[in-house]
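Below, each chain spelled out in residue letters.
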Amino acid sequence: MPMKGRFPIRRTLEYLQKGEIIFKNRVKIMTVNYNTHGELSDGARKFVFFNIPQIQYKNPWVQIMMFKNMTPSPFLKFYLDDGEQVLVDVEGKDYKQISQHVKKILGKSEEVLQAEAQAKMQASNPANFGPKKYCLRECICEVEGQVPCPGTTPLPKEMTGKYRAQMAASQD
Amino acid sequence: MSVKHASVHAKWIIGRVIGTKMQKTAKVRVTRLVLDPYLLKYYNNRKTYFAHDALQQCTVGDIVLLKALPEPKSKHVKHELAEIVYKVGRVVDPLTGKNVAGIDFMESLSDLPLKEETTLSEKLQELNISAASSEAESPPAETPSS
């Protein structure tokens, strides 16, 4: 049973997660003005159709608004945090060119993304054990190949604390 | 700074004015795209905000940029009008700076000098001559349509 719609692949999590444009923290609002008819707006229309879901998925806190048939020429407008506005003319461009351009001017670069990923990794170091909120695992008993939790299976007699204490006491 | 009242996330928002019946306050509807969890499609989710508009310059239907106030002005008003982005009926095309109505310009684009027309006809004559003499294909010269 195939998915419904024209390009239903746009509605898959995998497609959404493949979005390349992650905006810098300064970008707060993105506005797309385009026309529903006309060749010049074709790139903008495809951009809205294919790329906007990806952008919104990767930037959940950016407000994205679309305006149709308000002006003769299509354009994008970004509103940054300090009141600055960025106008991007999109007339006649291909949707791939538009997304590349937007990524170049207002997207986080590869190195910034990798640095952020590194910082996140350090916070969630797999070597640490602790509460689920802060670490991946709580106890070494969760790892395969290690001694299982004594709560589920009793430890062999030689490993129990009271046996060892007994042996230590009998030796002295 | 206590975070109790101040609008935390929405520092800048864009919306459409839906009501101006209150004095010095505009009712603004803001739409955000929200992902439907089952269909995995984005839909507009709307929310109304009240914005302080000291000069009462908004009319219903304007597209408006709001800025969060550092302190809420009253129980509901937490934003103020930063600028009117597109005034209803008087939209200005940001690329040319001219008034626009829908997809047409209200005024004609006459910033090109008229001398071009004469040179264009001369060019066409030249092309005719060259077409008559040699059967080379000559595509018409590209000119912006006025």
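Residues numbered from 1 in each chain as written. Chains lettered and ligands numbered in written order. Predicted model: local features only at pLDDT ≥ 70, side-chain atom pairs only at ≥ 80, totals over all residues. Heavy atoms only, no water.

**Observations regarding the UniProt feature "domain: Ribosomal protein/NADH dehydrogenase" (unreviewed entry) in chain A**
According to UniProt, the "domain: Ribosomal protein/NADH dehydrogenase" (unreviewed entry) feature falls on residues 36–109 of chain A. As annotated, residues 36–109 of chain A comprises 39% helix and 23% strand, and the C-alpha atoms at either end are separated by 32 Å. (UniProt positions renumbered as here; feature names shortened; annotations may be inferred. Helix = DSSP H or I, 4+ residues; strand = E, 2+ residues; numbered from the N terminus.)

**Quick word on the side chain of Lys77 of chain A**
If you trace the backbone, Lys77 of chain A turns up in strand β3 (residues 75–80). It is Glu83 of chain B that comes nearest to the buried, bridge-free Lys77 of chain A among opposite-charge side chains, at 5.8 Å. Reaching out from Lys77 of chain A, the side chain makes a polar contact with the side chain of Gln85 of chain A at a distance of 3.2 Å. Beyond its immediate stretch of four places on either side in the chain, Lys77 of chain A contacts Ile29, Met30, Thr31, Gln85, Val86 and Leu87 of chain A. (Buried < 20%, exposed > 50% of the residue type's maximum accessible area, 1.4 Å probe, protein only. Lys, Arg positive; Asp, Glu negative; His and termini not counted. Salt bridge = Lys/Arg side-chain N within 4 Å of Asp/Glu carboxyl O. Polar contact = N/O pair within 3.5 Å; in protein donor to acceptor, adjacent residues only side chain to side chain. Contact = heavy atoms within 4.5 Å.)

**A few points about helix α3 (residues 95–106) of chain A**
All names here are of chain A. Under the 1.5 Å per step criterion, the end-to-end length of α3 is 16 Å for 12 residues, consistent within 8% with the ideal 16 Å. Those residues of α3 lying buried are Tyr95, Ile98, Ser99, Val102 and Leu106. The arc enclosing the buried residues of α3, seen along the axis, measures out at 95°, which places them on a common side. More than 90 degrees from the buried face of α3, the exposed residues found are Lys96 and Lys104. (Expected span 1.5 Å × (residues − 1). Arc of directions from axis to C-beta.)

**Points about the domain arrangement of chain A**
Split by domain assignment, chain A resolves into domain 1 (8–109) and domain 2 (124–171). A C-alpha centroid distance of 53 Å is found between domain 1 of chain A and domain 2 of chain A. (Domains from an automatic or database assignment.)

**Topic: the interface of chain A and chain B**
Facing the 35 residues of chain A at the interface are 28 residues of chain B. Interface area for chain A against chain B, summed over the two sides, is near 2600 Å², with a carbon-plus-sulfur share of 69%. At the surface where chain A touches chain B, the tally comes to zero salt bridges. Joining chain A to chain B, the criterion identifies nine residue pairs in polar contact (both at pLDDT 80 or more). Sorting the residues of the side of chain A that touches chain B by element identifies α1 (13–17), β1 (27–34), α2 (42–58), β2 (63–68), β3 and β4 (85–89) of chain A as the ones contributing at least two each. With five residues, β2 of chain A is the single largest residue contributor to the side of chain A that touches chain B. Across the side of chain A that touches chain B, the residue classes break down as 18 nonpolar, 11 polar and six charged. (Buried area = accessible area lost by both parts, 1.4 Å probe. Nonpolar A, V, L, I, M, F, W, Y, C, P; charged D, E, K, R; others polar.)

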